Amino acid sequence: MSAGASNPEYVNARVRSRRASLFSDEDYRKLIRMGPSEIARFMEETEYEREINELGTRFSGVDLIEYALNRNLAKHFDDLIDWSQGRLYDLIARYLRKFDVWNLKTIFRGIYTDSDPEDIRTDLIRAGELEDRTVDRLLEADTIEDAIEVLYGTMYYEALTEAFEEYEETGALVPLENALDREFYENLLADVSRGPGDEPQEGPIANYIEFLQAEIDFRNARNALRLARSGADLDPAAYYIDGGVLFDESDLNRLVGDYDALVDHIAENRHYGDRLSEALDQLRGADSLIQFEHALDAALLEYSDTLSSIYPTSISAVLSYILAKEREVENIRAIARGREVGLDENKIEEELVVL
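Here is what the cut-offs are and how they apply
- Residues numbered from 1 in each chain as written.
- Predicted model: local features only at pLDDT ≥ 70, side-chain atom pairs only at ≥ 80, totals over all residues.
- Heavy atoms only, no water.
- Helix = DSSP H or I, 4+ residues; strand = E, 2+ residues; numbered from the N terminus.
- Rg over C-alpha atoms; globule rule 2.2 N^0.38 Å.
- Buried < 20%, exposed > 50% of the residue type's maximum accessible area, 1.4 Å probe, protein only.
- Contact = heavy atoms within 4.5 Å.
- Areas by Shrake-Rupley, 256 points an atom, 1.4 Å probe, with all protein chains shown as cover.
- Lys, Arg positive; Asp, Glu negative; His and termini not counted.
- Charge placed at Lys NZ, Arg CZ, Asp CG, Glu CD.
- Phe/Tyr/Trp six-rings, centres within 6.5 Å; stacked < 30°, edge-to-face > 60°.
- Axes fitted to C-alpha atoms, helices over the stretch in contact; angles between N-to-C directions.
- Parallel < 35°, antiparallel > 145°, perpendicular 65-115°, else oblique.
- Left-handed = near helix turned anticlockwise from the far one by under 90°.
- Nonpolar A, V, L, I, M, F, W, Y, C, P; charged D, E, K, R; others polar.
- Salt bridge = Lys/Arg side-chain N within 4 Å of Asp/Glu carboxyl O.

Undergrad: Hey, could you run me through the overall build of the protein chain in this one?
TA: When you go through the protein chain residue by residue, the secondary structure sums to 20 helices and zero strands. By the compact-globule yardstick of 20 Å for 355 residues, the protein chain fits well, its C-alpha radius of gyration being 20 Å. A principal-axis box enclosing the C-alpha atoms of the protein chain has dimensions of 55 × 50 × 45 Å. The buried share among the 355 residues of the protein chain stands at 53%. Contacts in the protein chain between residues at least 24 apart in sequence constitute 67% of all its contacts with a sequence separation of at least 6. Working note: accessible area of the protein chain is about 16400 Å², and carbon and sulfur atoms make up 43% of it. When the 38 positive and 76 negative side-chain charges of the protein chain are each reduced to one mean point, those points stand 6 Å apart.

See below:
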């Protein structure tokens with residue numbers, strides 16, 4: 001536990017400044033009309049200047065854009081850690097473990113598809129707690145089983161070991177990916193849900209928990225639809241992540257495969273329905289899995305922004321910024337990749353998450 005008093009007012013002031021520099025919808029419209037080299041030049045005129053210049057001698061095109069995006073993202077989140085003190089530091093550091101989960105999923109997918117380790121490395125975001133040498137050893141692993149062994153002694157090892165048997169039976173990565181999500185969210189929630197003497201937390205911690213519950217709820221909604229679309233003989237309850245307010249295991253079993261009922265379940269819950277407007281319209285209008293997942297991402301963004309406006313001096317503003325910065329990076333990446341493979345502008349727009 002980090003010593004000293006928290007400093008949310010200072011961190012939130014810095015975050016507001018960073019939030020103001022994020023790309024706008026107009027910026028995305030400009031990028032969609034550019035090729036990869038033009039996108040890189042555009043980024044050079046923005047706050048990505050340092051990364052583009054430092055990496056430009058070694059990479060070009062989409063590789064340059066990807067490395068610059070990931071390095072910039074890690075830098076911004078390292079800054080959050082550097083600015084924060086006390087309990088705020090602990091809460092942010094624990095939340096940023098989500099990038100360890102991202103990297104582990106990326107490495108597992110790369111091994112699964114027999115991708116070149118350097119191609120996998122391009123997609124990694126070094127903003128979590130796993131040491132660089134551990135990540136490098138993971139990239140050297142020939143099999144997923146070998147990669148799991150590299151994680152011995154970490155919080156993920158036991159859960160992944162248990163999920164590996166189902167992975168071998170099904171040949172699908174879903175059991176491993178869900179094990180990572182469950183371990184991250186359930187441990188994070190358990191860490192912060194109890195105060196001294198195991199009393200429930202109030203104030204800023206309760207606000208933090210409210211945000212985490214929303215992430216868990218939307219993760220469960222995404223899993224429900226993914227399972228329905230996968231066609232695999234998987235038990236929905238086995239992929240339920242505990243800790244949200246929107247679903248229990250029986251809800252997930254009932255709603256798998258019923259898209260309209262799933263959206264209605266979200267909209268009818270006052271916890272979200274009263275705070276989501278545009279995002280619910282996007283959910284109702286989604287006609288594919290990718291559109292549904294993007295609509296869920298937009299819903300979480302809208303919800304986090306609402307929380308940060310209700311609690312302007314709480315950690316919500318920081319968490320909302322983390323989501324918004326992630327989304328900027330994902331949007332720019334989607335545009336660059338889309339342009340590289342020749343997708344038309346409308347198709348690329350469908351890949352973006354904007355409010």
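Undergrad: What is the right way to read the packing of aromatic side chains from this model?
TA: Each aromatic ring pair is summarised here by two numbers: the centre-to-centre distance and the angle between the ring planes. Going through the model one piece at a time under the given rule, you end up with eleven aromatic pairs. The interplanar angle of 90 degrees and the centroid separation of 5.8 Å between the aromatic rings of F23 and Y48 together place this pair among those described as edge-to-face. With F23 in the loop between α1 (8-20) and α2 (25-32) and Y48 in the loop between α3 (36-44) and α4 (49-55), this pair connects stretches of sequence that are 25 residues apart. Each member of the pair, F23 together with Y48, is buried. Here a set of aromatic residues connected by ring pairs shows up, and it is made of F23, Y28, F42 and Y48.

Undergrad: Where do I start with the environment of R18 in this structure?
TA: Mapped onto the secondary structure, R18 falls in helix α1. With sequence-adjacent residues up to four places away left out, R18 is seen in contact with H76, D79, W83 and Y321.

Undergrad: Hey, could you run me through the packing of helix α18 (residues 289-310) against helix α19 (residues 316-340) in this one?
TA: The relative placement of two packed helices comes down to the angle between their axes together with the axis-to-axis distance. Relative orientation of the contacting elements α18 and α19 amounts to 150 degrees, with a least axis distance of 8 Å. Comparing their axes, α19 and α18 come out roughly antiparallel. Crossing hand, α18 versus α19: left-handed. Between α18 and α19, the residues in contact are D297, L300, L301, S304, D305, L307 and S308 and S316, A317, S320, L323, A324 and R327, respectively. Class assignment for the residues of the contact of α18 with α19 results in six nonpolar, four polar and three charged.

Undergrad: In this structure, what is going on with the packing of α3 against helix α5 (residues 61-83)? I would like to understand it.
TA: Close contact between α3 and α5 brings their axes to 8 Å; oriented N to C, the two are set at 35 degrees. Classified by chirality, the crossing of α5 by α3 is left-handed. Where α3 abuts α5, its residues P36, I39, A40 and M43 lie against G61, V62, L64, I65, A68 and L69. Here the residues of the contact of α3 with α5 are counted per class, giving nine nonpolar, one polar and no charged.

Undergrad: Help me understand the pattern of salt bridges in this model?
TA: Between side chains of opposite charge, a pair can form as their charged atoms come close. On inspection of all chains with the given rule, the structure shows 27 salt bridges. Its salt-bridge partner being D297, residue R327 comes within 3.3 Å of it at the nearest N-O pair. Pair noted here: R327 is in helix α19 and D297 is in helix α18, with a separation of 30 residues, a long-range link. Each member of the pair, R327 as well as D297, carries the same accessibility label: buried.

Remember that the coordinates give geometry; whether it matters functionally is a separate question.
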